[in-house]
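Residue-level structure breakdown
So the chains spell out like this:
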Amino acid sequence: MSEQEIKVPDLGGADEVEIIEIIASEGDTVEAEDPILTLETDKASVELPSPEAGKITKITVKVGDKVKEGDVIGMLDAAGGASGDEAPSDSAPEAEPEPQEQPAAQESKPAPKKKSGGSRTEVVKVPSLDGMENIPVIELNVSEGDTVEQEDALVTVESDKATMEIPAPASGKIGKLLVKEGDTLSEGDDLLEMIIEDDGDSADDEPEAETSSGQASETPEAKAEKPAAESASQPQGATYEPPAPGTKVHAGPAVRKLARELGADLTRVKGSGPKGRITKDDVHGYVKSQLQQAQQGGGVATGSGIPGVKLPDFSQFGEVEREGMSRMMAVTAANMQRSWLNVPHVTQFDDADITEMEDFRKAQKAAGEKRGVKMTPLPFLLKACAAALAELPQFNVSLDMERKEVVRKKYIHIGIAVDTPHGLMVPVIRDVDQKGLWELAAESAELAQKARDKQLKPAEMQGACFTITSLGGIGGTAFTPIVNTPEVAILGVSKASMKPVWDGKEFQPRLMLPLSLSYDHRAVNGADAARFTNLLTQLLGDIRTLLL
Ligand code: CAO
């Protein structure tokens, strides 16, 4: 490895150019030709490529600095061991000196097509592109009928390394456009027709121009200051999505390339660089935010096709205050909405007679005190659900709609919804089918406490096949829980109460536990849901069957 200076190459005549973006960072490993920074003149932006493969050890410039040929912008430890000391400034970044040079529109003096009175129609040709050929048009900066000043941008072309605007060779009015976005251009190609007024003879302009281009009767000054992007009007065949009307995009070639690769519309990206210039970070940030919105259902309903809820100004009805959502609340809200919008929910209700189960549970009080574990109804519910999932495995699946596959799980992990001061959390008890009631009681109590103390690890909240949400300790007779996707069913448990139950001869007071089984009707049919709750009521009605 040998250290060498990275110098600004020949800038094709430009004096000083501004650094608009630093692409590489100190410590980065680069290949020869990888861009290190982007320079920009009034008319062109160009990437300064690494002269060799190696490691950037120093960047000595910053965005906004002006540099000229030969200036050192940083140091490179060349991988190939090239003698850095000898690396002459000219030989360093050799890739793109040319685009810096402003396209010499004047070189390609257009031949008059038609001359008539005070104006003439000329065909503007593509000027010298410094040896480059077949450069794609990425933007038409003018439309037919626009009035332009000399040097105004007519079209923007972009090579792998540079973006250039081809300027108007003179002031005048745009006639027929002879290219469209996506076309490739080389020096000498016809670009467009321009109606150029002869000096001191403007009075004859309108009638004469009409004969040249057939559309010159508009007021010449009408559109002179139109933003370049506004007139991009030919989307067909374009490889680059034209900016939204009225939006001028300031971005270098590397950024435009990145945006195209990622499918980002630059007109919607807010630039954080000098003069609002869009940087690569801006594009990455924009794409990230779009993905997050899509994944979270857009907070309200973006992507679902359902209009969001418009809020009134609540202060017109009385005093209000606003408070930011906690992260957990925002995540829970997004999860709930995603499930609600994606899953066709049905809820099956049933009551389990837990009179005997409760007798048994209460009889365990002393044993529980000895063990330091409280036996609540939850371990019985866990055990019964594990047995039902084993018996009816269609509830122990997830749907992969993209691949049109059903994912069957050979394990039985069950989530328990825990109400905490900071929001709803769902820790997961693994292999419920293999654990005893005391073990389940201890583990569920421990996980619930951890949830309340915000001590749960991510792994303790993952992998559930099914969820139990019990409001029994609080109250209520029934509810319709939302399936915790990608699971396909959830059991809601309400408060047990004594009810008169007909035994064939008379009414008996029985402790009845209301069950509400919500399920994804794509995965499970109603008959299976009824079988599932039937089974639960049998298992809970006679807990000896849990042993079978
Ligand atoms: N019917 C009647 N009483 C019940 C009952 C039921 N279905 N379930 C529990 N109870 C009783 C318990 O036996 C206990 O009474 P005792 O102290 O007299 O024994 C009391 O209610 C409190 O129980 P618990 O809530 O402490 O324990 P649990 O094991 O039943 O529940 C847990 C644990 C974590 C599920 C619960 O604390 C909880 O957080 N529930 C809320 C879940 C929730 O918010 N779900 C909604 C999700 S959707 O928004």
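Each chain carries its own residue numbering, running from 1 in the written order of its sequence. Local features in this predicted model are restricted to residues whose pLDDT is 70 or higher, and side-chain atom pairs enter the listing and the counts only when it is 80 or higher, whereas totals over whole chains, interfaces and linings include all residues. Think of the side-chain values as coming from all heavy atoms in the structure, minus any hydrogens and water.

In the nomenclature of an unreviewed UniProt entry, the chain corresponds to Acetyltransferase component of pyruvate dehydrogenase complex from the organism Marinobacter fuscus. UniProt positions are given in the numbering used here, feature names are shortened, and annotations may be inferred rather than shown by experiment. On record in UniProt, under Catalytic activity (unreviewed entry), the comment for the chain is "N(6)-[(R)-dihydrolipoyl]-L-lysyl-[protein] + acetyl-CoA = N(6)-[(R)-S(8)-acetyldihydrolipoyl]-L-lysyl-[protein] + CoA". Annotation of the chain in UniProt includes, under Subunit (unreviewed entry), the sentence "Forms a 24-polypeptide structural core with octahedral symmetry."

What to know about the overall build of the chain
The helix and strand inventory of the chain stands at nine helices and 28 strands. When burial is assessed residue by residue, the chain has 45% of its 548 residues classed as buried. We call two residues in contact whenever any of their non-hydrogen atoms come within 4.5 Å of each other. A separation threshold of at least 6 residues defines the contact pool for the chain, and within that pool the share at least 24 residues apart is 63%. For the chain, the accessible area works out to roughly 27,900 Å², and carbon and sulfur atoms hold 49% of it. Strands here mean DSSP runs of E at least two residues long; helices mean DSSP runs of H or I at least four residues long; both are numbered from the N terminus. Burial classes: relative accessible area under 20% of the type maximum marks a residue as buried, over 50% as exposed, and values in between as partly exposed (1.4 Å probe, protein chains only). Computed with a 1.4 Å probe, the accessible areas rest on the Shrake-Rupley method; for each residue, only the protein chains presented here act as cover.

Thoughts on the site of the ligand
To be near a molecule or strand, a residue needs just one of its heavy atoms within 4 Å of it. Every one of the 21 residues lining the ligand counts as a neighbour, but Lys 374, Thr 376, Arg 452, Thr 469 and Ala 496 are closest to it. What qualifies as a polar contact is a pair of N or O atoms within 3.5 Å, subject to a donor-acceptor requirement within protein and to the restriction that residues adjacent in sequence count only when both atoms come from side chains. One of the side-chain nitrogen or oxygen atoms of Arg 361 is found 3.4 Å away from an oxygen atom of the ligand. In this structure, Ser 470 approaches the ligand through a main-chain N or O atom, which is 2.9 Å from a nitrogen atom. Among the secondary structure elements, those contributing two or more residues to the shell around the ligand are α7 (377–391), β22 (418–420), α8 (437–452) and β25 (466–470). Classification used: nonpolar for Ala, Val, Leu, Ile, Met, Phe, Trp, Tyr, Cys and Pro, charged for Asp, Glu, Lys and Arg, polar for all others including Gly. Looking at the shell around the ligand residue by residue, the classes come out as ten nonpolar, six polar and five charged.

Let's talk about helix α9 (residues 526–541)
Every helix has an expected span of 1.5 Å times one less than the residues it contains. The end-to-end C-alpha distance of α9 is 22 Å, a good match for the 22 Å that 16 residues give at a rise of 1.5 Å each. Three or more residues of α9 are buried, namely Asp 528, Ala 529, Phe 532, Thr 533, Leu 535, Leu 536, Thr 537, Leu 539 and Leu 540. Each element contacted by the buried residues of α9 is listed here: β18 (345–353), α5 (355–363), α7, β25, β26 (489–493) and β28 (507–520).

With respect to the pattern of salt bridges
Salt-bridge detection follows one rule: a side-chain nitrogen of Lys or Arg within 4 Å of a carboxyl oxygen of Asp or Glu. Under the defined criterion, the tally for this structure stands at 18 salt bridges. Between Lys 435 and Glu 443 there is a salt bridge whose closest N-O contact spans 2.9 Å. When its relative accessible area of 15% is taken as the criterion, Lys 435 is described as buried. The partner of Asp 528 in a salt bridge is Arg 531, and the shortest N-O contact between them spans 2.8 Å. Separated by three residues within a single helix, Asp 528 and Arg 531 lie in helix α9, roughly one turn from each other. Among the residues examined, Asp 528 registers a relative accessible area of 11% and is labelled buried. Each member of the salt-bridge network shares a partner with another, and the members are Asp 353, Glu 356 and Arg 510.

Describing unusual backbone geometry
The omega angle of the peptide bond from Thr 485 to Pro 486 is 5 degrees, so this bond is cis rather than trans. With respect to the helices and strands, Pro 486 occurs in the loop between β25 and β26. With a phi angle near 50 degrees, Lys 404 is a residue other than glycine that sits in the positive phi range. Residue position: Lys 404 is located in the loop between β19 (397–400) and β20 (405–408). For Lys 404, a relative accessible area of 68% corresponds to the exposed category.

Regarding the side chain of Asp 353
Topologically, Asp 353 is positioned in strand β18. Reaching out from Asp 353, the side chain makes a polar contact with the side chain of Thr 355 at a distance of 2.5 Å. A distance of 2.6 Å separates polar atoms of two side chains, one belonging to Asp 353 and the other to Arg 510. The contact partners of Asp 353, leaving out residues within four places of it in the chain, are Arg 510, Leu 511, Met 512, Leu 540 and Gly 541.

Here's the deal with the sheet that holds strand β5 (residues 44–49)
Strand pairing in a sheet is mediated by backbone hydrogen bonds. Such pairs are either parallel or antiparallel. Overall, antiparallel pairing links the eight strands, which are arranged β7-β2-β4-β5-β14-β13-β11-β16 in an open sheet. Each having just a single partner strand, β7 (66–67) and β16 (184–185) make up the two edges of the open sheet. Strand direction decides the pairing type here: strand β13 (residues 153–158) and strand β14 (residues 162–167), joined by five bridges, are antiparallel. Looking at the pairing, Glu 158 lines up with Thr 163 of β14. Pairing between two strands is assigned when DSSP locates at least 2 bridges connecting them.

Observations regarding the sheet that holds strand β8 (residues 72–78)
Taken together, the four strands give an open sheet; going across it, the order is β1-β8-β6-β3, and neighbouring strands pair in antiparallel fashion. Looking at strand neighbours, the two that pair on one side only are β1 (2–7) and β3 (29–30), the edges of this open sheet. Here β1 pairs with β8 via six bridges, running antiparallel. Bridge pairing links Lys 7 to Val 72 in β8.

Digging into the environment of Asp 419
Note on placement: Asp 419 falls in strand β22. Along the sequence, Asp 419 and Arg 452 sit 33 residues apart, while their C-alpha atoms lie 7.8 Å from each other.

Things to note about the packing of aromatic side chains
Here a Phe, Tyr or Trp ring, Trp counted by its six-membered ring, pairs with any other such ring whose centre lies within 6.5 Å, and the pair is stacked when the planes are under 30 degrees apart, edge-to-face when over 60, and tilted otherwise. The full count for this structure, using the stated rule, is four aromatic pairs. Aromatic pair Trp 502 and Phe 507: ring centres 4.9 Å apart, planes at 65 degrees, arrangement edge-to-face. Take Trp 502 and Phe 507: they sit in the same class, and that class is exposed. Ring pairs connect the aromatic residues Phe 395, Phe 466 and Phe 532, which therefore count as one cluster.

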